[in-house]
Amino acid sequence: MRPNNFNAGPAVMPIEVLEEARAELLDTAGTGHSVLEWSHRSKAYDEVRWDAERRLRRLMGLPERDPWRVLFLQGGASLQFAMLPMNLATPERPGQYVNTGVWSKKALEEAVRLGRGVELWSGKPTGFDRIPEPGAWRAREPAAYVHVTTNNTIYGTQWHELPDTGGTPLVLDASSDILSRPMPYARSVLVYAGAQKNLGPAGLTIVALHTDTLARPAPGIPAILDYRVHAEADGIYNTHPTFAVWLMAKTLAWIERSGGLAAIAARNEEKAALLYAEIDRSGFYRGHAQPGSRSRMNVTFRIAKTELEDKFVKEADAAALLGLKGHRSVGGLRASLYNALPLESVRALVEFMRDFERRHG
Ligand SMILES: Cc1ncc(COP(=O)(O)O)c(C=O)c1O
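This report concerns the structure included in the present document.

Let's shift gears to the layout of surface pockets. Taken as a whole, the largest pocket spans an internal volume of roughly 480 Å³. Surrounding the largest pocket, 24 residues form its lining, Ile 131, Pro 132, Glu 133, Pro 134 and Trp 159 being those nearest its centre. Among the residues forming the lining of the largest pocket, the class breakdown is 9 nonpolar, 9 polar and 6 charged. The calculated volume of the second largest pocket comes to roughly 410 Å³. Surrounding the second largest pocket, 24 residues form its lining, Ala 8, Gly 9, Trp 103, Thr 153 and Lys 197 being those nearest its centre. Broken down by element, the lining of the second largest pocket gets its largest block of residues, 4 residues, from helix H3 (residues 76–88).

Moving on: the nonpolar core. Leu 56, Met 60, Leu 179, Ile 206, Leu 275 and Phe 312 are the most contacted members of the largest nonpolar core, which has 80 residues in total. Counting residues per element, this core draws most heavily on helix H6 (residues 242–257), at 9 residues. If near-sequence neighbours (up to four positions away) are discounted, Ile 206 is found in contact with Leu 56, Met 60, Leu 71, Phe 72, Ile 178, Val 191, Tyr 192, Ala 193, Leu 199 and Met 248. Core analysis: the next-biggest nonpolar cluster, separate from the first, contains 27 residues, Leu 108, Leu 209, Ala 218 and Leu 225 among them.

In the vicinity of the ligand lie 13 residues, with Ser 78, Thr 153, Asp 173, Gln 196 and Lys 197 positioned nearest. Ala 77 places a main-chain nitrogen or oxygen 3.2 Å from an oxygen atom of the ligand. In the environment of the ligand, an oxygen atom lies 2.4 Å from a nitrogen or oxygen atom belonging to the side chain of Thr 153. Coverage of the ligand by the protein chains reaches 85% of its 390 Å² of free accessible surface. Among the detected pockets, the ligand sits in the second largest pocket.

Following the sequence through the fold, Glu 307 ends up in the loop between strand E12 (298–303) and helix H8 (309–318). Through-space distance from the C-alpha of Glu 307 to that of Glu 119 is 35 Å; in sequence the pair is 188 residues apart.

According to the stated counting rule, one finds 13 aromatic pairs in the structure shown. Note on Phe 243 and Trp 246: the rings are 5.7 Å apart at their centroids and 25° apart in plane angle, and the pair reads as stacked. Of this pair, Phe 243 and Trp 246 are both found in helix H6, 3 residues apart, which corresponds to roughly one turn of the helix. Residue Trp 246 is classed as buried on the basis of its relative accessible area of 5%. When the ring centre of Trp 50 is taken as reference, the NZ or CZ atom of Arg 49 above it lies at 4.1 Å.

Through backbone hydrogen bonds, the strands of a sheet pair up, either in parallel or in antiparallel fashion. Read from one edge to the other, the open sheet built from 7 strands follows the order E2-E10-E9-E8-E5-E3-E4, with strand pairing classed as mixed. Edge strands, defined here as strands with exactly one partner in the open sheet, are strand E2 (68–73) and strand E4 (117–122). Within this sheet the neighbouring strands show an average axis-to-axis angle of 20°, counted without direction. Note that strand E3 (residues 95–99) and E4 share 5 bridges and pair parallel. What sits directly across from Tyr 97, in E4, is Glu 119. Against the sheet, H3 contacts E2, E3, strand E5 (145–149), strand E8 (170–173), strand E9 (190–194) and strand E10 (205–210), and its axis sits at roughly 155° relative to E9.

Cut-off values and rules
- Residues numbered from 1 in each chain as written.
- Predicted model: local features only at pLDDT ≥ 70, side-chain atom pairs only at ≥ 80, totals over all residues.
- Heavy atoms only, no water.
- 1 Å grid on protein atoms, 1.4 Å probe; cavity = no way out; pocket = protein on both sides within 12 Å on 5 of 7 lines; lining within 4 Å.
- Points joined across faces, edges and corners; volume = space filled by probe spheres on them.
- Nonpolar A, V, L, I, M, F, W, Y, C, P; charged D, E, K, R; others polar.
- Helix = DSSP H or I, 4+ residues; strand = E, 2+ residues; numbered from the N terminus.
- Core = buried A, V, L, I, M, F, W, Y, C linked by side-chain atoms within 4.5 Å.
- Buried < 20%, exposed > 50% of the residue type's maximum accessible area, 1.4 Å probe, protein only.
- Contact = heavy atoms within 4.5 Å.
- Near = heavy atom within 4 Å.
- Polar contact = N/O pair within 3.5 Å; in protein donor to acceptor, adjacent residues only side chain to side chain.
- Areas by Shrake-Rupley, 256 points an atom, 1.4 Å probe, with all protein chains shown as cover.
- Sits in = over half its atoms within 2 Å of the grid points.
- Phe/Tyr/Trp six-rings, centres within 6.5 Å; stacked < 30°, edge-to-face > 60°.
- Lys NZ or Arg CZ within 6 Å of the ring centre and 35° of its normal.
- Pairing = 2+ DSSP bridges.
- Axes fitted to C-alpha atoms, helices over the stretch in contact; angles between N-to-C directions.

Everything listed here is a matter of geometry and, on its own, says nothing about what the molecule does.
Rendered as structure tokens:
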């Protein structure tokens, strides 16, 4: 019996993908040895990485080749917080940030540290419980880009539609909801995401960028941090996290087999609706996010009697419901419901919540 894994990332992966990986680990793709031992320049790996890239482009709704490029990098989404303003922004044309929580703030702070970032809007006055209303902010020209975190992993809020930036290029940190629903990613100019939530294991960061973003040279930055250097090397400037890319390719194939993003989105909606209904049912639990901004990936909530929260987490853990403690920066409770989390896990959590309320309510 596998535990129910509500961790925020690294997170649950599809069991089918793990089983395939186990079956193929020692002799991968008939090569007689393991993908872990392949050269990143080998023909076998080349097939894997193009397969992964083709699937990713298809699912993200990006064209097969230019004007979009796809990079498989390391360093996490956190490295993109720095690479992005280094490559795209200048002090005169800063990156402009909609601050909807901890990760957007970190992205902003990295740009500010480089003298190339400004804040357009902040959710701080209401405790980051919402996504801004349309019209609540406007890019201040000249702007290099507007940066949006599509899903706020820690506060549990999510953009349900991409914002209208009035023509300013849009950049998305899609780390915690990438490929959880159909999304017109091609409306942006750059999307980045750590793989460890919906795409596969930790260690891989994907960056999809429009070639327009490569037009302006970024002199003086290290080659490894320069998008152009990666793009000119056909996306393989240095060693890829090969095993993670291999597992991502399998995860993307699993998404396609499962009916694609429309089917995945319907399942994610069903899971989230079930849990929010329980949170709203009696007043014993309280959702953090405003209803219109609620995330379908990370459900954040409190117990009205907050002193019961530690007990909740301990008892849940003992009942094989893992990872329900809120992020250390905000406390409370959080259940992450990524693509690979089965509906049965949410049912088990809801049942546990009712029982906990019966015993402590
Ligand atoms: C939305 C978002 N952005 C960025 C990050 C940072 O990612 P990493 O730890 O891969 O650098 C996270 C991590 O959870 C995240 O959820």
